[in-house]
Amino acid sequence: MNGILKKIDDAAKCIEEKFGSGFNVAVILGSGLGKLMDEAQDLKLLDYSDIPGFPMTTAKGHAGQMITGKLGGRRILAMKGRFHYYEGHDISDVILPVRVFRKLGIDTLIATNAAGGINKTFRAGDLMVIRDHISFFAPSPLRGANLDELGQRFPDMTEAYSKRLIQLALQSARDLEIQVREGVYAFLKGPMYETPAEIKALGIMGADAVGMSTVPEVITARHMGMEVLGISCITNMAAGISEEPLNHEEVLTAARRTEKDFSRLIAEIIRRIE
Ligand code: HPA
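Within every chain, residues take consecutive numbers counted from 1 along the sequence as written. In keeping with the predicted nature of the model, local features appear solely for residues at pLDDT of at least 70, side-chain atom pairs appear and are counted solely at 80 or more, and the whole-chain, interface and lining totals rest on all residues. With hydrogens and water set aside, each side-chain value is computed from the structure's full complement of heavy atoms.

Details of the overall build of the protein
Regarding its fold elements, the protein presents seven helices and nine strands. Note that the radius of gyration is over C-alpha atoms, with the globule rule given as 2.2 Å times the number of residues to the power 0.38. Compactness check: the protein gives a C-alpha radius of gyration of 17 Å against a globular reference of 19 Å for 274 residues, within 12% of the reference. Along the longest, intermediate and shortest principal axes, the C-alpha atoms of the protein span 50 × 40 × 35 Å. Note on classification: 1.4 Å probe, protein chains only; a residue is buried when its accessible area is under 20% of the maximum for its type, exposed when over 50%, partly exposed between these limits. Within the protein, the proportion of its 274 residues that are buried is 55%. Contact between two residues is taken to exist if any of their heavy atoms lie within 4.5 Å; hydrogens are not considered. Excluding contacts between residues fewer than 6 apart, the proportion of contacts in the protein whose partners are at least 24 apart in sequence is 83%. Using a 1.4 Å probe, accessible areas were evaluated by the Shrake-Rupley method; residue-level cover was limited to the displayed protein chains. In the form shown here, the protein has an accessible surface area of approximately 12000 Å², with 49% of it arising from carbon and sulfur atoms. Positive charges come from Lys and Arg alone, negative charges from Asp and Glu alone, with His and the N- and C-terminal ends not counted. Charged side chains are reduced to one point each, which is NZ for Lys, CZ for Arg, CG for Asp and CD for Glu. Measuring between centres, the 33 positive side-chain charges of the protein sit 1 Å from its 35 negative side-chain charges. Counting from the N terminus, the helices are the DSSP runs of H or I reaching at least four residues and the strands are the DSSP runs of E reaching at least two.

As structure tokens, then:
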């Protein structure tokens, strides 16, 4: 068996042994956004270090646990903490959990992140439903021999983010009276924040926000035919939009400030997903 397929199988088996099966939705919780599962019932936790083949997370503000529980009547499998390319992980390890989600029969992925705001009408603390992404400067998680068992060689990305789930997210936000933005997320490798010139260029290209995650996972999910929703928490205005130097502590603090609205919104979306 192909090494990657075996790795997916082993990790999926481990999670199934600990958590059982029959999950409805997978959620990746970004920096400072880990509280979603606090309200869930029948919680069970599994450290990444106990899942075969999973790397260790090194980013501050990112725990390393798989969590299951019931939220809005749905069985959720959530990642508290993700693997970033900038940590030095091989790109195939960054996206391993998403392949494991699919192996476990999950067909809906909600990916969240902290992001810098490029769109000048945005403010720190805003939530942004991701309409599309730009990933020109990043490695493709699908590079190398195609795994035909998972998906096709040249997957379509026309609707990387499900129009149906975007509408459902916007309607949920309206009903909860939580203001949300909509926009394009640009993925950069990091770990350095961008220069003002890079942010200016990204803005001209059509990006509304910028971050160092999510896109590899989304591409991988779409390769396997999963339906995807992405939500960013705008934790700061990007370099040059704000005159202030950026720092990670500020990003975490801002994410934590919006965590309550963020968790309410995601829980409501999950409740409404069919
Ligand atoms: N740039 C890149 N990634 C980020 C930012 C940013 O300004 N804020 C939070 N994640």
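Quick notes on the pairing of strand β5 (residues 108-117)
Buried residues dominate β5, accounting for 10 of its 10 residues. In the sheet, strand β1 (residues 25-29) pairs with β5 via three bridges, with the strands oriented parallel. Among the inter-strand pairings, Ile 28 is bridged to a residue of β5, identified as Ala 111. For β5 and strand β9 (residues 227-237), the ladder comprises 10 bridges, and the chain directions are parallel. Bridged to Asn 113 within β9 is Ser 232. Summarising the sheet, β5 and strand β8 (residues 209-211) pair through two bridges and their orientation is antiparallel. Residue pairing across strands places Gly 116 opposite Val 210, the latter belonging to β8. In this scheme, strands are said to pair when DSSP sees at least two bridges between them.

Thoughts on the packing of helix α4 (residues 163-176) against helix α7 (residues 248-272)
Fitted lines through C-alpha atoms serve as axes, helices being fitted only where they are in contact, and the angles separating the N-to-C directions of these axes extend from 0 to 180 degrees. Where α4 meets α7, the axes come as close as 9 Å, and the angle between the chain directions of the two elements is 120 degrees. The orientation of α4 relative to α7 falls into the category oblique. In this structure, α4 crosses over α7, and the sense of that crossing is right-handed. When α4 is examined against α7, the residues Leu 168, Ala 169, Gln 171, Ser 172, Ala 173, Asp 175 and Leu 176 are found in contact with a partner set consisting of Arg 264, Leu 265, Glu 268, Ile 269 and Arg 272. Across the contact of α4 with α7, the residue classes break down as six nonpolar, two polar and four charged. When an angle is under 35 degrees it counts as roughly parallel; over 145 it counts as roughly antiparallel; between 65 and 115 it counts as roughly perpendicular; any other value is oblique. Handedness of a crossing is defined here by the sense of rotation of the near helix relative to the far one, left-handed for an anticlockwise turn of less than a right angle and right-handed for a clockwise turn. Just so you know the grouping, Ala, Val, Leu, Ile, Met, Phe, Trp, Tyr, Cys and Pro go in nonpolar, Asp, Glu, Lys and Arg go in charged, and all remaining residues, Gly too, go in polar.

Section: the pairing of strand β7 (residues 180-187)
As a general feature of sheets, a regular strand has side chains that alternate between the two faces. In terms of burial, β7 is largely enclosed, as seven of its eight residues are buried. As paired elements, strand β6 (residues 127-134) and β7 share seven bridges and run parallel to each other. Across the sheet, residue His 133 finds its bridge partner in β7, namely Tyr 185. Of the pairings in the sheet, the one linking β7 to β8 comprises three bridges and is parallel in character. Residue Ala 186 lies in a different strand from β8, and its bridge partner there is Val 210. For the handedness criterion, the strands are oriented away from the viewer, and a crossover whose path from the first strand over the helix to the second runs clockwise is classed as right-handed. Regarding topology, helix α5 (residues 196-205) serves as the crossover connection from β7 to the parallel β8, and that connection is right-handed.

A word on the site of the ligand
Any residue with a heavy atom lying within 4 Å of a molecule or strand is counted as near it. Within the structure, the ligand sits among Ala 114, Ala 115, Gly 116, Tyr 193, Glu 194, Val 210, Gly 211, Met 212, Thr 235, Asn 236, Leu 246 and Val 251. Protein burial of the ligand: of its 260 Å² of free accessible surface, 95% is covered by the chains. When contributions to the shell around the ligand are tallied by element, the ones reaching two or more residues are β5, β8 and β9. Sort the elements by how many residues they give to the shell around the ligand and β5 lands first, with three residues. In terms of residue class, the shell around the ligand is made up of seven nonpolar, four polar and one charged.

So, the nonpolar core
Here, the term nonpolar core denotes a set of buried Ala, Val, Leu, Ile, Met, Phe, Trp, Tyr and Cys residues that are joined through side-chain atoms within 4.5 Å. Formed by 81 residues in total, the largest nonpolar core has its most connected members in Met 66 and Phe 101. In terms of nonpolar packing, the next biggest core, distinct from the first, is built from 11 residues, Val 184, Ala 186, Ala 238 and Ala 239 among them.

Quick word on the pattern of salt bridges
Counted as salt bridges are all cases of a side-chain nitrogen of Lys or Arg within 4 Å of a carboxyl oxygen of Asp or Glu. Scanning the model with the defined rule gives 12 salt bridges in all. The closest approach of N and O atoms between Asp 10 and Lys 6, which form a salt bridge, is 2.7 Å. Residue Asp 10 and its partner Lys 6 are both found in helix α1 (residues 3-19); the two are separated by four residues, about one turn of the helix. On the basis of relative accessibility, which here comes to 27%, the residue Asp 10 falls in the partly exposed class.

A closer look at α7
Along its 25 residues, α7 runs 33 Å from first to last C-alpha, staying within 8% of the 36 Å computed at 1.5 Å per residue. The angle between axes fitted to the seven-residue stretch ending at a residue and the seven-residue stretch beginning at it gives the bend at that residue. The largest bend in α7 amounts to roughly 50 degrees and is located at Glu 259. Here, expected helix span is obtained from the residue count minus one, scaled by 1.5 Å.

Some points on unusual backbone geometry
In the segment running from Gly 190 into Pro 191, the intervening peptide bond is cis, with an omega of 0 degrees. A positive phi angle is found at Asp 42, which is not glycine, with a value near 55 degrees. One non-glycine residue, Thr 214, lies in positive phi territory at about 75 degrees. Note on placement: Thr 214 falls in the loop between β8 and α6 (215-223).

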